[in-house]
Amino acid sequence: MKILSIILVSPILFLSQLCGGEGIKIGTLHGQLRFDPEIIVVKKGADINLVFENQDEMIHNLLIAKGDSKQIDKLAEKALALKEKGLDMGFIPKDDSIIASIGLVQPGEKAKVSFKAPNLNGDYPYVCTFPGHSLSMRGIMKVVDDPSMVTLEASKAIPPSGNLKNGVIEVGKTPRVVRVHFSGIDSGRSIAVGLPGGFNYLFDAENLHVRTGWIGGFINVNRDRRGRGGGLCSILGEQFTSGSEPFPIRVGDPDEVPKTKFLGYSRSGNPTFHYEVDGVKIEQSTTGYPYSKGLTYTFKMAKQKEDIFFLFDPEKVKLASSTTGQVEKGRLKVQAKNADNFLVSIISLPQS
Amino acid sequence: MKKIFSALCILFLNFYSSGQGKPDRIPNGYSVQTINTPAEVSFGVGGMEFAPNGDLYVCTREGDVWQYETQKKVWSLFADGLHEALGIWIDSKSSTVFVIQRGEITQLIDSDKDGNADFYKTINADWGVTDNYHEYAFGLVRDSKGNFYGTLNTSLSWPGWARSEKWNIGRVWTTGYPDTDGKMGRATKYRGWGFQITPEGKFVPFASGMRSPAGIGISKDDELFFTDNQGDWEASSSLHHIVKGRFHGHPSSLMDHPDYEGKELNEIPIEEYEKRWSPPAVWIPHGELANSPGEPIFDYSGGKFGPFEGQMFIGDQSRSNIMRVSLDKVGGEYQGVIFDFINRLQTGCIRHVFDKDGSLWVGQTGRGWGSAGGKEYGLQKVMWDGNTLPFSVHDVKLEPNGFRVAFTKPVNRMLAKDSNNFQVDRWGYHYHPRYGSPKVGNVKLVPKKVTVSKDAKSVFLEMSLEKNRVYKFNFQKIQTQENESLVNHFAWYTLNRLKSPS
């Protein structure tokens, strides 16, 4: 049964066809316990020179056999049963079904094997039998009369990736708060917030500002939740700039990079981020600015002795409104007496 | 053809039965129960702890914290949106929940007591973290003085695959060794360190030289241990005793060590690193016993978990087995012996916690590195029946001129007094920047003399001793007086120091 048919166009395959000789290369995908490619085609009875190049950070072997996936299960169990002898034998068990094999190949290294392709057309599986790898590290060697006539199809055995539908996190009636790494946003401490109604933003807990906003869907975390995790997630929806630089809230002196500390966040109602800037404890919450690509920030703090500044980039955003203060060259200056609770709205300017 | 087909079917069934039913090897008196995890939820266990009311809290790689009422068998979500939470600690008096995630230690506060955390309070975030996916933060233990401890993975240094531009920082291969890509590095501060967070919340870099320190454990005397994985600079998987100031072998972390400020680590000869290096207390021979060891946990069940009170248990993420360690303090330092205990559970074992009944809960994740069993995640419980004494090697202790091996039951004297029934392999490892080490100086030994104790529960193996070696004993031929054989007949003793005659 073909669960998923996919046509793989492998440059290596073409190369082998063009050269006339049967030089075949199989690699490994880094960190995924997968071969690359997962399907190769060879000519019936041809002399094959196979290079196995291990681009992963773990040790792998390679074994081509006659039989089906159950035969591979069997070989994997036999390899496991080698126990302490396995390392010496490269976890290649003795079995009549094996056509060719390459023992353990260290990360970053490669090894070769030459063998004669079977004289019988058909599919011959290949597998890594290092303990634990055989479930996902599998491929198919197709043996045919004329490789150039073959349309490649493979049922890709992708390991299950959890319960989220394709990794999409949606926002319902209550806000979502999820720590993520996004592609192109260089902060290890980013927190995505999805608000009901479709406004979303990313708060950078290291640099204490909103990095970006977006309207529409929330996020896709598929790459963080499969394989080894930690993969870069993506924003769903239409992104807009927040026009913000690190540490936009300044106490007293707007030109001085402040001493800061992130304190955490509340998830009662609209998420509120708590942090400290030059010893002043600040609470920041954010909502969308209606009918525009914009955000409204609410800042709360105790009664201040010094003026508070909010910095923004006037080339990227315009200050749509604020409940207090005067704007001057990309800075909103809020007088100390009014700083305990104020709102600022920015609207993203069209980017050239 | 039909015959072949049915033979294949049997093999197929065996394959599954070994994964989901009774493990292939489990000592008599022990059993395994599989706990249902929340339906339709990806549940890669990152940490487990019991609250004082008996509820189990589990934090996951997917960033959730789940609460489990063990009597009612009901799961509820306590917190979510964390960044790969790989450790949890709960105050046994106040029930306060702390987790460690990539970027920080967080206190999860449920101020309105509705069962959901509503304030995520940052306790400390003073280590560096980038978008390099390998920068895991593992934990979480707390000592009796209120200090937290955790361990920080090195950064992956592999172009294109670190998922980060910050891959080529702090790779150390030192003089005389080739610069290859497969090294771990240090993309930001304190990668490769074990750290302490004081009760005041201050970050203290505590011990360096860690590579992939996936599990940390603490004894009742506040002694800290962590496990590391084989790789560059790490000859094999291993268990280390953490002491403040100690260097555990991987040099990338030394970028943040005051002694190496401004120095080019690749120009420092390997001898200097080796001199600074504290070898592991116990080698966990890679590929033979474990590939990716997780959290070490001590059995303080008071005998409710069988005859191994005070010993340590460690699960492995690749082989899905549970191992047992008996430490031996020699010359003021820990070394000791490791055994296989259960081989294997349904998937990769990484986190462990004992409940008040003395059962060992095993948190599992099979995602990312290939775990025997193949399940993506799971939760299982190992129980002792309180009655059946399994025939096991209880411990192996070093003496000045050999090893004293203690069994849980009296052994057959005829078998035990024959020194040919004790086959021993001995080897060492290289300390080098390469990925893992082959066994070095492997020799086969037979004890010069065997003495069986009066009660027949221990044997003394007199033999030549060499330090910085692993001794692997095969006790397959030893039986009880009722002809019972050992379920796990190998023992690996790490001899770092010789014992001087007292």
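Values in this document were obtained by computation on a predicted structure and should not be read as measured data.

Focus on the interface of chain A and chain B
Inference 1: The partner chain B presents 57 residues to the 57 residues of chain A that form the contact.
Inference 2: In total, chain A and chain B occlude about 4,900 Å² of area from one another, counting both sides; carbon and sulfur atoms represent 52% of this.
Inference 3: The largest per-residue losses of area from chain A upon contact with chain B belong to Arg179, Arg189 and Arg228 of chain A, which jointly make up 14% of the total buried on that side.
Inference 4: In this assembly, chain A and chain B are joined by 3 salt bridges.
Inference 5: Where arginine 179 of chain A meets glutamate 104 of chain B, a salt bridge forms, and the shortest distance between an N and an O atom there is 2.9 Å.

Some words on the sheet that holds strand β2 (residues 34–36) of chain A
All names here are of chain A.
Inference 1: Taking strand neighbours across the sheet as the criterion, the 4 strands line up as β2-β1-β4-β7 in an open arrangement whose pairing is mixed. Strand pairing shows two members of the sheet lacking a second neighbour, β2 and β7 (110–116), which therefore form its edges. For this sheet, the mean angle separating the axes of adjacent strands, direction not counted, is 25 degrees.
Inference 2: When strand β4 (residues 47–53) meets β7, the two strands line up antiparallel, connected through 7 bridges. Paired with glutamate 53 across the strands is lysine 110, a residue of β7.

Comments concerning the domain arrangement of chain A
Inference 1: Split by domain assignment, chain A resolves into domain 1 (2–149) and domain 2 (164–348).
Inference 2: A separation of 50 Å is found between the C-alpha centroids of domain 1 of chain A and domain 2 of chain A.

Overview of the packing of aromatic side chains
Inference 1: According to the stated counting rule, one finds 59 aromatic pairs over all chains in the structure shown.
Inference 2: The interplanar angle of 10 degrees and the centroid separation of 6.3 Å between the aromatic rings of tryptophan 214 of chain A and phenylalanine 218 of chain A together place this pair among those described as stacked. No difference in accessibility class separates tryptophan 214 of chain A from phenylalanine 218 of chain A, as the two residues are buried.
Inference 3: Judged by centre distance (5.3 Å) and plane angle (35 degrees), the ring pair of phenylalanine 299 of chain A and phenylalanine 342 of chain A falls under tilted. Placement of the pair is phenylalanine 299 of chain A in strand β22 (residues 294–301) and phenylalanine 342 of chain A in strand β27 (residues 341–348), with a sequence separation of 43 residues.
Inference 4: Judged by relative accessible area, phenylalanine 342 of chain A falls into the buried class, the value being 0%.
Inference 5: Over the aromatic face of tyrosine 260 of chain B sits the side chain of lysine 263 of chain B, whose NZ or CZ is 5.7 Å from the ring centroid.
Inference 6: Above the ring of phenylalanine 490 of chain B, the side-chain terminus of lysine 472 of chain B is found at 4.4 Å from the ring centroid.

Some points on the side chain of threonine 227 of chain B
Inference 1: Residue position: threonine 227 of chain B is located in strand β17 (residues 224–228).
Inference 2: For threonine 227 of chain B, the contacting residues outside a window of four places in its chain are Ser212, Pro213, Ala214, Gly215, Ser238, Leu239, Pro293, Gly294, Pro296 and Ile314 of chain B.

Notes on the layout of surface pockets
Over the atoms a probe the size of a water molecule is rolled, and this reveals where empty space is left.
All names here are of chain B.
Inference 1: Each pocket or cavity is described by its volume, and for the second largest pocket that value is around 1,200 Å³.
Inference 2: Glu49, Phe50, Ile297, Val353 and Phe354 are, among the 46 residues lining the second largest pocket, the residues nearest its centre.
Inference 3: For the lining of the second largest pocket, the elements supplying multiple residues, two or more each, are β1 (30–35), β2 (45–50), β6 (87–90), β10 (137–142), β16 (215–218), β20 (293–298) and β24 (349–354).
Inference 4: Of the residues contributing to the lining of the second largest pocket, the split by class is 20 nonpolar, 12 polar and 14 charged.

What to know about unusual backbone geometry
Inference 1: Of note, the amide linkage connecting aspartate 36 of chain A to proline 37 of chain A takes the cis form, showing an omega dihedral of 5 degrees.
Inference 2: Along the chain, the position of proline 37 of chain A falls in the loop between β2 and β3 (39–43).
Inference 3: We note that serine 95 of chain B has phi near 65 degrees; this positive angle belongs to a residue other than glycine.
Inference 4: Examined against the element boundaries, serine 95 of chain B turns out to sit in the loop between β6 and β7 (97–101).

Some words on empty space enclosed by the protein
All names here are of chain B.
Inference 1: In the structure shown here, the tally under the stated rule is 5 cavities of 30 Å³ or more.
Inference 2: Empty space within the largest cavity amounts to approximately 410 Å³.
Inference 3: As for the largest cavity, its lining consists of 29 residues, of which Ser212, Asn229, Ser292, Gln317 and Trp369 are closest to the centre.
Inference 4: Tallied by class, the residues present in the lining of the largest cavity amount to 12 nonpolar, 13 polar and 4 charged.

Procedures and definitions
- Residues numbered from 1 in each chain as written.
- Chains lettered and ligands numbered in written order.
- Predicted model: local features only at pLDDT ≥ 70, side-chain atom pairs only at ≥ 80, totals over all residues.
- Heavy atoms only, no water.
- Contact = heavy atoms within 4.5 Å.
- Buried area = accessible area lost by both parts, 1.4 Å probe.
- Salt bridge = Lys/Arg side-chain N within 4 Å of Asp/Glu carboxyl O.
- Pairing = 2+ DSSP bridges.
- Helix = DSSP H or I, 4+ residues; strand = E, 2+ residues; numbered from the N terminus.
- Axes fitted to C-alpha atoms, helices over the stretch in contact; angles between N-to-C directions.
- Domains from an automatic or database assignment.
- Phe/Tyr/Trp six-rings, centres within 6.5 Å; stacked < 30°, edge-to-face > 60°.
- Buried < 20%, exposed > 50% of the residue type's maximum accessible area, 1.4 Å probe, protein only.
- Lys NZ or Arg CZ within 6 Å of the ring centre and 35° of its normal.
- 1 Å grid on protein atoms, 1.4 Å probe; cavity = no way out; pocket = protein on both sides within 12 Å on 5 of 7 lines; lining within 4 Å.
- Points joined across faces, edges and corners; volume = space filled by probe spheres on them.
- Nonpolar A, V, L, I, M, F, W, Y, C, P; charged D, E, K, R; others polar.

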